[in-house]
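Working through the structure, step by step
Residues per chain, in single letters:
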Amino acid sequence: MADKANAQDRLDMIRHSMAHVMAEAVLEMFPGAQIAIGPSIEDGFYYDFDLPRPLTTDDLDEITERMKNIISQDKAFERKVVTRDEARALFADQKYKLELLEAIPEGEEVSIYNQGGFTDLCRGPHVKSTKELNKDSFKLLSIAGAYWRGKESNPMLTRIYGTAWSNPKELRLYLDHLEDIKKRDHRKLGQDLDLFSLHEEAGPGLVYWHPRGARIRLAIENFWREEHYKNGYEMVYTPHVGKAWLWETSGHLGFYKESMYPPMKMDSTDYYAKPMNCPFHIMIYQDTKHSYKDLPLRWCELGTVYRYEKAGSLHGLMRVRGFTQDDAHIFCTPEQMDAEILEVLRFSLYMLRSFGFSEIKAYLSTRPEKSVGEQERWDAATEALRKAIENEGLSYEVDEGGGAFYGPKIDLKIKDAIGREWQLSTVQFDFNLPERFKLTFTDSDGSEKRPYMIHRALLGSIERFFGVLVEHYAGAFPPWLAPEQVRLVPVTDQVTDYAKAVEARLRKEGFRVSCDFSSERMNAKIRASQMMKNPYCLILGEKERDAGTVSVRYRTGKQVNGVPLEDFIAELHDAVDKKTQI
RNA sequence: GCCAAAGUGGCUCAGGGGCAGAGCAGCUCACUCGUAAUGAGCAGGUCCUCGGUUCGAAUCCGAGCUUUGGCUCCA
């Protein structure tokens, strides 16, 4: 464990030193450039510059060459503690450095690092000399814009991202990993596998589900609905638009107006497309008086919402303007809270695991400064969340003050097949809406009380979840989710009737099956099925027809010939029921 | 919204001030084939949109839209 930590420290040091080397190279090219911040980050480093002109990819090549040159010069990284005045003089023409200098708390040591001709205000640590860096184990990756100190109101600087490793082999592995990420990209696979599309002319950030994508979505939704009924939820359906009154009462118009679709005027009233489902579920709650005996109420809906996300932040299915939340609201008494939270978390884990995500981590977010609700309620709710996480034995981190203004929450993040983290489930308390809508229930002593409201989404949004699934499986969905579970390949026209019979039989069993009757050769048909990543391909020729069998070609390339049709059906049922991956 | 790059047939891309190109996919015809691409032919484009420069613009310039990589944001 200590070795691992040391290795990581060492890598951080290499990356941070690499950032300094890059800054030196950039200053060589642009002597008047302003330099800002250049830390090590996960997998690499970056440095922010204020440059006289935009950079091109050719510039990256030149910077790379200059960096290699600097590295081969064996320059020592020398640390020196200086007074504030000395530092001010040193960085007199570096306005960002001066600003950083002023931000260092009084009494704290000010250190600088120098390698050859380049000096940077820096806490360190660094490697001893550039000879500890390897000129073949780094690569500059991209140019991007970034606000100075991450503030939108600040000027935009030019950021250069790079990756750096201890040796060329590690770099190679990392670049392969980047290639893998590209191959799994849900936008590319979505097109190649004919799953979904987006249409700029019809509205950015709005998703069109193609038949193959829709089949997967249906498989997800059917499972979701079944499990929700099994877990004591009721399904509701609510409208897609609502009068301004609803959003004024909920507070959304006050807080999030700029990210709501603009209003439609009708009968001199504004109607808004819904950015959330909660107020609608509340309308149902308020339709009748509630007794403590009715609670808990668990209402779920695959509710499609619209949010006007900023143009620059749209990204495939991961960030869209119209999406379907797998939403539910639980109304319960304070006494029921602990048990409800526990159940929600357990259910959530069950769902995520069913889709093949086994590595799950929890994040508990507590009360932020700007927030509403009584402190005792926050404390009790936060404790309930914590107890639930511990009860499930999940590893978790606490994000102090990271909760929403209306309540504490648990987020669950999963790790996908190549180790990337995605946030999917969220369980949030809401102390705001019950208050705003004045929700009540009649308790056993006849008094009117406010119910607790828990808001939760297990998959997050169907669109985003689908995107994550595509990348997790790299498009090769397990049989229970695959849009086309079985592709039939008749070898010649002589076996068309047999192929049709097998297709009808499999369809009757409820399987998603299709038959390739094109005039292509068998090889081409097999290839076509492989390209679509179908889990099973059945080769049907005269031998199979005469024996009533099928020859199974698995997605993996494995083949089993002469399988009786009924045996294959049993095998497929088994795979689908157990949600096994092949 | 901000910084930068890109936008050429359904897809992947070449070209680039003077006739709009290829491969794949599609269609037609022939082939009836045993585990990842049979062959031949045909069709298909307002070169993102609008404006400007020019005898002439897909190409150069400007604006807009969209996408991509980031930043900011994400109830």
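Residues numbered from 1 in each chain as written. Chains lettered and ligands numbered in written order. Predicted model: local features only at pLDDT ≥ 70, side-chain atom pairs only at ≥ 80, totals over all residues.

1. Structural notes on the overall build of chain A
For clarity, the cut-off: Going along the chain from the N terminus, every DSSP run of H or I of four or more residues is numbered as a helix, and every run of E of two or more is numbered as a strand. Around each residue's C-beta, the other C-beta atoms within 10 Å are counted; 20 or more make the residue buried, 12 or fewer make it exposed, and counts in between make it partly exposed. All C-beta atoms are placed from the backbone. We call two residues in contact when the distance between their C-beta atoms, placed using the backbone, is within 7 Å.
What chain A contains, in helices and strands, is 18 helices and 28 strands. Taking the principal axes of its C-alpha atoms as reference, chain A extends roughly 85 × 75 × 55 Å. Looking at the 582 residues of chain A, the share that counts as buried comes to 35%. For chain A, long-range pairs separated by at least 24 residues make up 70% of all intrachain contacts whose partners lie at least 6 apart in sequence.

2. Re the sheet that holds strand 24 (residues 486-490)
Just so we agree on the cut-off: Each pair of strands is called paired provided DSSP finds at least two bridges between the two strands. Lines fitted to C-alpha atoms define the axes here, with helix axes fitted over just the stretch in contact, and angles between the N-to-C directions of these axes take values from 0 to 180 degrees.
The five strands lie next to each other as 25-24-26-27-28, forming an open sheet whose pairing is mixed. Edge positions in the open sheet fall to strand 25 (513-515) and strand 28 (559-564), since each of these has one partner strand only. Going across the sheet, the axis of each strand differs from the next one's by a mean of 25°, ignoring polarity. Two elements, strand 24 and strand 26 (residues 536-540), share five bridges in a ladder whose sense is parallel. Bridge pairing in strand 26 places P490 opposite L540. On top of the sheet, helix 15 (residues 496-508) reaches strand 24, strand 25, strand 26 and strand 27 (549-554); it is set at about 170° to strand 24, its chief contact. Strand contacts of helix 16 (residues 522-531): strand 24, strand 26 and strand 27, with the helix running at about 175° to strand 24, the strand carrying the most contacts.

3. A word on the protein's contact with RNA strand B
Rule in force here: Using the backbone to place each C-beta atom, any residue with that atom within 6 Å of a molecule or strand is considered near it.
Taken together, the neighbourhood of RNA strand B is formed by 55 residues, with A144, G145, Y256, G312 and G541 sitting nearest. Of all the secondary-structure elements, those providing two or more residues to the surface near RNA strand B are strand 7 (138-147), strand 8 (156-164), helix 6 (186-192), helix 9 (252-256), helix 16, helix 17 (542-547), strand 27 and strand 28. Looking at the surface near RNA strand B, the element that brings in the most residues is helix 16, giving seven residues.

4. Some points on the sheet that holds strand 6 (residues 118-121)
Spatial ordering of the open sheet is given by 4-5-6, a layout of three strands whose pairing is antiparallel. At either margin of the open sheet sits one strand with a lone partner, and together these are strand 4 (78-82) and strand 6. On average, adjacent strands in this sheet sit at an angle of 25° to one another, irrespective of strand direction. Where strand 4 lies against strand 5 (residues 110-115), five bridges are found, and the strand directions are antiparallel. Note that in strand 5 the partner of R79 across the bridge is Y113.

5. Observations concerning the nonpolar core
What counts here: A set of buried residues qualifies as a nonpolar core if it consists of Ala, Val, Leu, Ile, Met, Phe, Trp, Tyr and Cys joined through C-beta atoms within 7 Å.
One finds I341, L385 and I410 to be the most contacted residues of the largest nonpolar core, which totals 62 residues. Not counting chain neighbours up to four residues away, the residues in contact with L385 comprise I341, L364, P408 and I410. Listed in part, the 28 residues of the second largest apolar core include M22, Y46, F49 and L157.

6. Some thoughts on unusual backbone geometry
Trans peptide bonds make up most of the peptide bonds, and negative phi angles are found at most residues other than glycine. Going from G124 to P125, the amide bond is cis rather than trans, its omega being 0°. Going from L295 to P296, the amide bond is cis rather than trans, its omega being 0°. Following the sequence through the fold, P296 ends up in the loop between helix 10 (278-286) and strand 15 (297-306). Positive phi outside glycine occurs at S268, with the angle close to 55°.

7. What to know about the domain arrangement of chain A
Selection criterion: Annotation comment: domain bounds sourced from an automatic or database domain assignment.
When its domains are assigned, chain A resolves into domain 1 (2-183), domain 2 (209-239 + 274-473) and domain 3 (486-578). Computed over C-alpha atoms only, the centres of domain 2 and domain 3 are separated by 41 Å.

8. Description of the environment of H228
Turning to its location among the elements, H228 is positioned in helix 7 (residues 211-230). Counting along the chain gives 71 residues from H228 to W299, while the straight-line C-alpha distance between them is 9.4 Å. Setting aside anything within four residues of it in sequence, one finds H228 in contact with Y233, M235 and C300.

9. Regarding the environment of A575
Looking at the element boundaries, A575 is found in helix 18 (residues 565-578). Its 19 C-beta neighbours within 10 Å are what place A575 among the partly exposed residues. Separated by 569 residues in the primary sequence, A575 and N6 place their C-alpha atoms 45 Å from one another. Apart from residues lying up to four places away in sequence, A575 is in contact with P479, T580 and I582.

10. Points about helix 14 (residues 462-473)
Stated precisely, the cut-off is as follows: Each residue after the first adds 1.5 Å to the expected span of a helix.
Its twelve residues place the ends of helix 14 16 Å apart at the C-alpha level, agreeing with the 16 Å of an ideal helix rising 1.5 Å per residue. Among the twelve residues in helix 14, twelve count as buried, and that is most of the element. Residues I462, E463, R464, F465, F466, G467, V468, L469, V470, E471, H472 and Y473 constitute the buried set of helix 14.

11. Things to note about the packing of helix 11 (residues 337-354) against helix 12 (residues 375-391)
Operational definition: Throughout this description, any angle smaller than 35 degrees is read as roughly parallel, any larger than 145 degrees as roughly antiparallel, any in the 65 to 115 degree range as roughly perpendicular, and the remainder as oblique. Crossing handedness is defined as follows: a turn of the near helix away from the far one that is anticlockwise and smaller than a right angle gives a left-handed crossing, while the clockwise case is right-handed. Gly falls in the polar group here, along with every residue not listed as nonpolar (Ala, Val, Leu, Ile, Met, Phe, Trp, Tyr, Cys, Pro) or charged (Asp, Glu, Lys, Arg).
The geometry of helix 11 relative to helix 12 is characterised by a closest axis approach of 9 Å and an angle of 45° between their N-to-C directions. If you check the angle between helix 11 and helix 12, you find them oblique. Considering the relative orientation of helix 11 and helix 12, their crossing is right-handed. Contacts between helix 11 and helix 12 involve M337, D338, I341, L342 and L345 on the former and, on the latter, A381, A384, L385, K387, A388, I389 and N391. Partitioned by chemical class, the residues of the contact of helix 11 with helix 12 number nine nonpolar, one polar and two charged.

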